[in-house]
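What the coordinates show
These are the residues of each chain, in order.
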Amino acid sequence: QKEVEQNSGPLSVPEGAIASLNCTYSDRGSQSFFWYRQYSGKSPELIMFIYSNGDKEDGRFTAQLNKASQYVSLLIRDSQPSDSATYLCAVTRNSGNTPLVFGKGTRLSVIA
Amino acid sequence: GAGVSQSPSNKVTEKGKDVELRCDPISGHTALYWYRQRLGQGLEFLIYFQGNSAPDKSGLPSDRFSAERTGESVSTLTIQRTQQEDSAVYLCASSLSSVAEAFFGQGTRLTVV
């Protein structure tokens, strides 16, 4: 099983600021990248996915992928206290029957 | 179904007993995953089913753990002779394929006393 690395945090940002969450992966064959949000005591929920190099925007969220450098990041603009959660990066290959591999997550705290 | 359904939501069992956890994936989803999450920890991969292919069991922590899935339907995760360290939330997820986004059930919280 290949590794997916995330800084565990906590990452603290003031309300209204941009939160930047980073993830690196070791498997160069990785093709699909996902960001999940997990509130305390709840299951992970998908918030973004990205397949191609570059940026993908969805509302206040932007996912960034750089396959050459093997990193994927998530930017949250205008951070709100309700964004406080653990953010999980997940990676999978396109070929073969390989499972989704998760990082351990980064805990984000948005301070009002 | 509308989402991934897991049962039971909570299970308290005595050390040494066997438990069976159930996962009903989203209809049509060929891929199904089981993960374990201990308190305050990340997701620990257990087993992965993709269609009719042989499951990837590389994450099962010991031979006390086993899982089955019939076709693209329900999966059961069985833990034999439970130990206190088995206490965790067991999460099931399903996806349309091995490359698509996965959706999680609400989890089964297992407590071994």
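Whatever comes next refers back to the structure up there.
Description of the structure in this document. Counting starts from 1 at the beginning of each chain's written sequence and moves along it residue by residue. As a convention, the first chain written is A and the first ligand written is 1, with the rest following in written order. Restriction of local features to residues with pLDDT of at least 70 applies here, the model being predicted, together with a cutoff of 80 or more for giving and counting side-chain atom pairs; totals for whole chains, interfaces and linings are based on all residues. The basis for every side-chain value is the complete set of non-hydrogen atoms in the structure, without hydrogens or water.

**Comments concerning the pattern of salt bridges**
Should the charged atoms of two oppositely charged side chains come close, the side chains can pair. The salt bridge criterion pairs a side-chain nitrogen of Lys or Arg with a carboxyl oxygen of Asp or Glu, the two atoms within 4 Å. Inspection of every chain in the model, using the stated rule, returns seven salt bridges over all chains. Residue A:Asp83 pairs with A:Arg60 through a salt bridge whose shortest N-O separation is 2.9 Å. Of the two residues, A:Asp83 is situated in the loop between strand 8 (71-76) and strand 9 (85-93) and A:Arg60 in the loop between strand 6 (54-58) and strand 7 (61-66); the sequence distance between them amounts to 23 residues. Taking the shortest distance from any N to any O, the salt bridge between B:Arg64 and B:Asp86 comes out at 2.8 Å. Remark: B:Asp86 occurs in the loop between strand 7 (75-79) and strand 8 (88-95) and B:Arg64 occurs in the loop between strand 5 (44-50) and strand 6 (65-69); sequence separation between them is 22 residues. A cluster of three or more residues bridged by salt bridges with shared partners is formed by B:Arg36, B:Arg38 and B:Glu44. We count a stretch as a helix when DSSP gives it H or I for four or more residues in a row; a strand needs E for two or more, and each element gets its number in order from the N terminus.

**Remarks on the sheet that holds strand 7 of chain A**
All names here are of chain A. Here five strands make up an open sheet; going across it, the order is 1-3-8-7-6 and the pairing antiparallel. If you trace the sheet from one side to the other, it starts and ends with strand 1 (4-6) and strand 6, each paired once. Sheet twist, expressed as the mean angle between neighbouring strand axes with direction ignored, is 20°. Pairing of strand 1 with strand 3 (residues 19-25) involves three bridges; the strand directions are antiparallel. Looking at strand 3, one finds that Glu5 is bridged to Thr24. A pair of strands is treated as paired once DSSP finds two or more bridges between them. For every element, the axis is a line fit to its C-alpha atoms; helices are fit only across the contacting stretch, and the angle between N-to-C directions ranges from 0 to 180 degrees.

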